[in-house]
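A look at the structure
The residues making up each chain are set out below.
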Amino acid sequence: MSSAANDKRGKLEEEFRNRMYDAESSPSQHLWSRIDHSLTVQESGEYKKRMVFYRQLAAACVALLILAGGAGAYYFGGAPATQQPLATVSPAPAATVAPASSDKTAQQAEATAMAAAKGATVAEPAAETPVGASRQPIAHSGSALANALLTVPQREKSAIPAAETGIMPVPLDEAGSGTLAVSSLRIAAARATSARPGAAESPLRLYKSISRTLAMMAGSPGAAALGSGTPGRQTMAGSTPVPGAPDDFKTQNAQAMARARQQEEEQKALALARSEAVAAAAVPKKSEKEEGREKGRWSLGMAYAPSYFEQNIGIPNQMVSASSRQSFSLADPSTTAMSSLYIDQAREEYEENTDPGFSYGVEVKAGFRLGKKLKLLTGLGFLQNTARSKSSYTIQQFWGNTFSGTYSNTNGPSNIFVPSISPEFATDSLVVAKTPEYKVNYRYRNLTVPVGLQYEGNMGKDWFWYGGAGVAVNILLQTTVLASASDVKDVKYDVNENSPFRKLQWSGNVSAGVGKRLANSVSVTLGPQVRHYFSTLLADPEGTQASQGKPYTIGLNMALNYDLGGAKKSR
Amino acid sequence: MQRLLYEQYSKKMMAVCLRYAPTTFEAEDIMQEAFVKVFTHIGKFKRDCPLEFWIRKIMVNTALKHLRGKQLLTVSHEADEVNNLASDSFSLTGYSLDELLSMIQSLAPRYRMVFNLYAIEGYNHKEIGEMLDISEGTSKSQYSRARAILQGMISRQENNFRENVISS
């Protein structure tokens, strides 16, 4: 307590200090009772504060559960009842299969194929049967191969025979050799692009479904009770008098309510007085800080996170090595060799030219301060993850039939990615074409519900740092494979369609960075963010030959936060 | 546990509060508030000093806050020019504790504060200036004034005592 500067104390100071410093004086007997009472009142006030905290925490959990429940109800309630396996391919003629794309050229080609096949009977004994499993002969019209080739764009169609132009039917069964197994072929059918009526309306249905679910939850008695902060009191206050009830009951009820209100006001006033006393008890500057913290427990925020997305899907090493016995084998061995060469080149090209694409996420978050520096965050967001590649080849798949000696195509030409992700081999033949280089974008749109914790620490007067981690459930809304070439068919899977991609994915998010307080309640943050998914993009990774890893994004997170309740700058 | 702590330190702390408060009633108010703080923040005690010192500091700070709230520490920045009466020949052995307390309590609040902090608690004028939000010079001048007043009291009492002895 004393300091070195305290060196000029005289006799008077020494005398007073010796006599007074350790002096004792008995306080009155009732002083301890007063102190004990004050402590009891203070403890009850702190208990009340804790109760308020737990109530708010419970409200946050309920809000999160409602949100997650709504998303879950949508996801599990909105999915189609019949899940058609990807490899299940209807053996109907190509013209009867409506393409998912609105490519009029393709439709016209299909219609032409239909006309060319007039009179031909199409047997469909194995409808909805996995071709790769049953291997039943499929009857097609005698001119099915020609019809199928009609669906190839005009430029390619005119290029047959393929050996001259780079378009060649790839036999999946070299009958002459007979050395390669049928099972070695695992080529995607990509039949899931079959158009469904009303598929274009799926976003509208999505919003309607969510709204309907939330409305149902809000309309339930339990939800109504949860929606009110103090259900019991509000119910009593808001209840309408029962007709015919005795007047004395009404009077007593009104008196009881008045007493309850009065007691509540008194308790509030007492708690306020106590909190002021306690705040003043500590060092004044510190108490102001704590007061500021108490005020801003809730916060709202918006975040924008540009990033790069690595989808981590490769191409199988051996896509084409043999063909089934039911398919045609081309007589020309050089054609087969060239097909294999093109496939290999397409695979290498994909591996070399596939890069992470620009992706972004937008989130609206609500924050609840658990402690002085710890915050619970949750909300709703939209993610668009994109990868990109270049390709110089198109691949088209065909069905083959030994008896009829015909082929029919499954879908339009695509790049090598689409057939490579199919879990079941479902084609007998491929047509590989070399084309001018075109770009392919792989776009994944997700609805995300993140939950996480964020820790903040001061760096200066207005600056702070933060670190956060959490998990998010991501609902795949739409997957699109977009090609820049007009003759390459785009592939699109909406939320209600069968898709080879996983529709519900969990991810872990980690971020850190710095923030600046712009005003009393407004702050901005900026920092790197990593989002790593806990599973692969494909729904059936075991059944797919494509090499796969777990996707991830690396980017920046820019957020704007608003503290509710007039929080002060200090945290 | 709280009761034991209270009983151990209540007498010393009551004496501290009496030095800062003008009346016993106000001293008990200060002590009550300070002990509530002690029990509330006992978890923050870091054991880097004796517990008695920590409790005494809370008592002093509470007393300062109490008197500041009553605007009793409003100081004029006029430098009180008081001659330093360097009479160090006296002794307080003949005075009881109550008499000494009465002398201190009779000082004006601002003088009482500075005197307590400097002469008894051992703070220097720079620290006192920061605690009371006054300048170091103001603290020195107010202390000189308080010291002079106390010396005057003591001198008068000694003179009265001598006159009584001679007359008897």
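Worth saying up front: this structure is predicted, and the values here are computed from it rather than measured. (Residues numbered from 1 in each chain as written. Chains lettered and ligands numbered in written order. Predicted model: local features only at pLDDT ≥ 70, side-chain atom pairs only at ≥ 80, totals over all residues. Heavy atoms only, no water.)

**Focus on the overall build of chain A**
When you go through chain A residue by residue, the secondary structure sums to 14 helices and eleven strands. Expressed as a percentage of the 571 residues in chain A, the buried residues total 44%. Split by element, the accessible area of chain A, about 28,400 Å² in all, is 59% carbon and sulfur. (Helix = DSSP H or I, 4+ residues; strand = E, 2+ residues; numbered from the N terminus. Buried < 20%, exposed > 50% of the residue type's maximum accessible area, 1.4 Å probe, protein only. Areas by Shrake-Rupley, 256 points an atom, 1.4 Å probe, with all protein chains shown as cover.)

**Some points on empty space enclosed by the protein**
Rolling a probe over the atoms, with the probe sized like a water molecule, indicates the empty space that remains. Residues and elements named next belong to chain A. Throughout the structure, instances matching the rule amount to twelve cavities of 30 Å³ or more. Quantified by volume, the largest cavity comes out at close to 380 Å³. Every residue lining the largest cavity is counted, 30 residues in all, and those nearest its centre are Lys365, Leu377, Gln454, Ser511 and Asn557. Those elements that provide at least two residues to the lining of the largest cavity are β2 (298-310), β3 (355-369), β4 (374-401), β6 (429-458), β7 (463-483), β9 (504-517), β10 (522-533) and β11 (552-563). Partitioning the lining of the largest cavity into residue classes produces 13 nonpolar, 13 polar and four charged. (1 Å grid on protein atoms, 1.4 Å probe; cavity = no way out; pocket = protein on both sides within 12 Å on 5 of 7 lines; lining within 4 Å. Points joined across faces, edges and corners; volume = space filled by probe spheres on them. Nonpolar A, V, L, I, M, F, W, Y, C, P; charged D, E, K, R; others polar.)

**Remarks on the interface of chain A and chain B**
Opposite the 38 residues of chain A that make contact, chain B presents 50 residues. Summed over both sides, the interface of chain A with chain B buries roughly 4,200 Å², with 60% coming from carbon and sulfur. Counting across the chain A and chain B interface gives four salt bridges. The salt bridge partner of Arg147(B) is Glu13(A), with a shortest N-O separation of 2.7 Å. Elements with a contribution of two residues or more to the side of chain A that touches chain B: α1 (11-20), α2 (31-78), α11 (247-281) and α12 (284-295) of chain A. Here the side of chain A that touches chain B is built from residues that sort into 15 nonpolar, ten polar and 13 charged. (Contact = heavy atoms within 4.5 Å. Buried area = accessible area lost by both parts, 1.4 Å probe. Salt bridge = Lys/Arg side-chain N within 4 Å of Asp/Glu carboxyl O.)

**Concerning the pairing of β2(A)**
Residue and element names in this part refer to chain A. Here twelve bridges tie β2 to β3, and the two strands are oriented antiparallel to one another. Note that in β3 the partner of Met302 across the bridge is Val364. When β2 meets β11, the two strands line up antiparallel, connected through ten bridges. Within β11, the residue paired with Leu300 across the bridge is Tyr562. (Pairing = 2+ DSSP bridges.)

**Topic: unusual backbone geometry**
Residue and element names in this part refer to chain B. A positive phi is found at Arg47, a non-glycine position, where the angle reads about 60°. Tracing the chain through its elements places Arg47 in the loop between α2 (24-40) and α3 (51-69). Judged by relative accessible area, Arg47 falls into the exposed class, the value being 73%. You will see that Asp133, though not glycine, has its phi angle at about 60°, which is positive. Inspection of the secondary structure assignment puts Asp133 in the loop between α6 (125-132) and α7 (136-167).

**Describing helix α4 (residues 97-105) of chain B**
When we look at burial in α4(B), the residues that qualify are Leu100(B), Leu101(B), Met103(B) and Ile104(B). Viewed end-on, α4(B) has its buried residues packed into an arc of 160°, placing them on one side of the element. If you follow the buried residues of α4(B), they end up packed against α1 of chain A together with α1 (2-20), α5 (109-121) and α7 of chain B. (Arc of directions from axis to C-beta.)

**Looking at the packing of aromatic side chains**
Scanning the entire structure with this criterion turns up 17 aromatic pairs over all chains. Seen from their ring centres, Phe16(A) and Phe115(B) are 5.0 Å apart, and the 85° between their planes marks the pair as edge-to-face. Within this pair, whereas Phe16(A) is found in helix α1, its partner Phe115(B) is found in helix α5, the two belonging to separate chains. The class of Phe16(A) is buried, set by a relative accessible area of 0%. On the basis of an interplanar angle of 45° and a centroid distance of 5.2 Å, the ring pair of Phe45(B) and Trp54(B) is categorised as tilted. Accessibility assignment for this pair places Phe45(B) and Trp54(B) in one class, buried. The rings of Phe16(A), Phe115(B), Tyr118(B) and Tyr143(B) are connected pair by pair, giving a single aromatic cluster. (Phe/Tyr/Trp six-rings, centres within 6.5 Å; stacked < 30°, edge-to-face > 60°.)

**What to know about a nonpolar patch on the surface**
Residue and element names in this part refer to chain A. Taken together, the side chains of Tyr304, Tyr308, Phe358, Val362, Leu526, Leu556 and Met558 make up a nonpolar region of the molecular surface, amounting to roughly 620 Å² of accessible area. Of all the elements in the fold, those that place two or more residues in the nonpolar patch are β2, β3 and β11. One can find Tyr304 in strand β2. For Tyr304, a relative accessible area of 34% corresponds to the partly exposed category. (Patch = residues over 30% accessible without salt bridge, like charges linked within 9 Å, V, L, I, M, F, W, Y side chains within 5 Å.)

**So, the pairing of β9(A)**
Within a regular strand, side chains alternate between the sheet's two faces. All names here are of chain A. In this sheet, β9 lies alongside β7 in antiparallel orientation, the contact comprising 13 bridges. Opposite Phe464, over in β9, you have Gly515 as the bridge partner. Pairing between β9 and β10: nine bridges, direction antiparallel. What sits directly across from Ser511, in β10, is Gln529. Connecting the antiparallel pair β9 and β10 is a turn made up of four residues.

**Observations concerning the environment of Val449(A)**
All names here are of chain A. Position of Val449 among the secondary structure elements: in strand β6. For Val449, a relative accessible area of 6% translates into the label buried. Counting along the chain gives 24 residues from Val449 to Val473, while the straight-line C-alpha distance between them is 5.3 Å. Val449 has contacts with Leu67, Gly379, Leu380, Val471, Ala472 and Val473, leaving out every residue within four places of it along the chain.

**Remarks on the packing of α1(B) against α2(B)**
Residue and element names in this part refer to chain B. The geometry of α1 relative to α2 is characterised by a closest axis approach of 10 Å and an angle of 140° between their N-to-C directions. In terms of their interaxial angle, α1 and α2 are classed as oblique. The handedness of the crossing between α1 and α2 is right-handed. Of the residues in α2, those in contact with Gln2, Leu5, Tyr6, Tyr9, Ser10, Met13, Met14, Cys17 and Leu18 of α1 are Thr24, Ala27, Glu28, Ile30, Met31, Phe35, Val38 and Phe39. Here the contact of α1 with α2 is built from residues that sort into 13 nonpolar, three polar and one charged. (Axes fitted to C-alpha atoms, helices over the stretch in contact; angles between N-to-C directions. Parallel < 35°, antiparallel > 145°, perpendicular 65-115°, else oblique. Left-handed = near helix turned anticlockwise from the far one by under 90°.)

**Concerning the confidence of the model for chain A**
Detailed reading of the predicted model is not advised wherever pLDDT is low. With 53% of its residues at a pLDDT of at least 70, chain A reaches an overall mean of 67. Predicted confidence is poor over residues 115-201 of chain A, with pLDDT under 50, and the contacts of this stretch with residues over four places away or in other chains come to 218 contacts. (pLDDT = per-residue confidence, 0-100.)

**Concerning the packing of α3(B) against α5(B)**
The packing of two helices is summarised by the inter-axis angle and the distance between the axes. Residue and element names in this part refer to chain B. Relative to each other, α3 and α5 sit at 165°, their axes nearing to 12 Å. When the axis of α3 is compared with that of α5, the two are roughly antiparallel. In terms of crossing hand, the pair formed by α3 and α5 is left-handed. Residue-level inspection shows Arg56, Val60, Ala63, Leu64 and Leu67 of α3 in contact with α5, the latter providing Arg112, Met113, Leu117 and Glu121. When its residues are assigned to classes, the contact of α3 with α5 shows six nonpolar, no polar and three charged.

**Quick notes on the pattern of salt bridges**
Taken as a whole, this structure holds 15 salt bridges over all chains when the rule is applied. Taking the shortest distance from any N to any O, the salt bridge between Lys375(A) and Glu456(A) comes out at 3.5 Å. Note that Lys375(A) is positioned in strand β4 and Glu456(A) in strand β6, a separation of 81 residues in sequence. Residue Lys375(A) shares its accessibility class with Glu456(A), and that shared class is buried. Via salt bridges that share partners, Asp22(A), Lys12(B), Arg19(B), Glu52(B), Arg56(B) and Glu121(B) belong to a single interconnected network.

**Observations regarding the side chain of Ser139(B)**
Residues and elements named next belong to chain B. Summarising the element assignment, Ser139 is placed in helix α7. Its relative accessible area of 0% is what places Ser139 among the buried residues. Not counting residues up to four positions away in its chain, the partners in contact with Ser139 are Val114, His125, Ile128 and Ile134.

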